[in-house]
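# Chains, contacts and geometry: an overview
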Amino acid sequence: ITGKNVRAWQQRIGYVPQQIYLADDTVERNIAYGLADDQIDHARVEKAAHAAQLHDFIVDSLPHGYETIVGERGVRLSGGQRPRPMSRRRPAVCR
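Residues numbered from 1 in each chain as written. Predicted model: local features only at pLDDT ≥ 70, side-chain atom pairs only at ≥ 80, totals over all residues. Heavy atoms only, no water.

Before going further, it helps to spend a moment on the pattern of salt bridges. A full pass over the atoms with the stated rule returns two salt bridges. For R29, the salt bridge goes to D25, with nearest N and O atoms at 2.9 Å. In this structure, R29 engages D37 in a salt bridge whose closest nitrogen and oxygen atoms are separated by 3.0 Å. Judged by its relative accessible area of 32%, R29 falls in the partly exposed class. (Salt bridge = Lys/Arg side-chain N within 4 Å of Asp/Glu carboxyl O. Buried < 20%, exposed > 50% of the residue type's maximum accessible area, 1.4 Å probe, protein only.)

What follows is the structure in C-alpha cells.
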C-alpha cells in the first residue's frame, strides 16, 4: 500500500460484524434493509441472495420463501443462518 493506491485499497474493504441486526420482518425486507417497500426490487433481492448462496435455502427451506418473517434478531433462524441474509444487504441490492 502506498500513498497513491491507499484510497483504492480502502474502497475495496468491507465490514461484516459477527453480531448482526435482523429486523422482525421478512427475509426480503432484511436483505433490502433501509429501502421503502415501493423501492424494493425483488429481482435485485434475488440476485443478492444468489450471490450470497442463500437463494436455494430461502426457497427450499423457509416456509414462505422471501416473505418468511425471521423474527426479532433472527430468532426463527439458526445461528449459522442469521448472518447470511445480512451479508448481502443494501449494497448488493442497490447496484
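Judged by side-chain polarity, I1, V6, W9 and I13 come together as a nonpolar surface patch covering roughly 400 Å² of accessible area. Mapped onto the fold, W9 is located in helix α1 (residues 6–11). (Patch = residues over 30% accessible without salt bridge, like charges linked within 9 Å, V, L, I, M, F, W, Y side chains within 5 Å. Areas by Shrake-Rupley, 256 points an atom, 1.4 Å probe, with all protein chains shown as cover. Helix = DSSP H or I, 4+ residues; strand = E, 2+ residues; numbered from the N terminus.)

Our next topic: unusual backbone geometry. Although it is not a glycine, Q53 adopts a positive phi angle of roughly 55°. Locating Q53 in the fold gives a position in the loop between α3 (42–51) and α4 (55–61).

Moving on: the side chain of H55. Residue position: H55 is located in helix α4. When its relative accessible area of 13% is taken as the criterion, H55 is described as buried. H55 has contacts with E46, A49, H50 and Y66, leaving out every residue within four places of it along the chain. (Contact = heavy atoms within 4.5 Å.)

Right, let's get into the environment of V27. Turning to its location among the elements, V27 is positioned in helix α2 (residues 27–31). Given the relative accessible area of 2%, V27 is considered buried. Taking the C-alpha atoms as reference, V27 lies 8.2 Å from I58; in sequence the two are 31 residues apart.

Attention now moves to the nonpolar core. Inside soluble globular proteins, nonpolar side chains tend to come together where they are buried. In terms of nonpolar packing, the biggest core is built from 16 residues, with V27, I31, V45, A49, L54, I58 and Y66 touching the most fellow members. Counting only elements with at least two residues in this core, the list comes to α2, α3 and α4. Considering each element in turn, this core owes the most residues, three residues, to α3. (Core = buried A, V, L, I, M, F, W, Y, C linked by side-chain atoms within 4.5 Å.)

Residue-level pLDDT values for the chain average 78, and 68% of them are 70 or greater. By mean pLDDT, the top-scoring element of the chain is α3 (92), and the lowest-scoring one is helix α6 (residues 90–93) (46). Per-residue pLDDT stays below 50 along residues 88–95; that stretch engages in 24 contacts with residues further than four places along the chain or on separate chains. (pLDDT = per-residue confidence, 0-100.)

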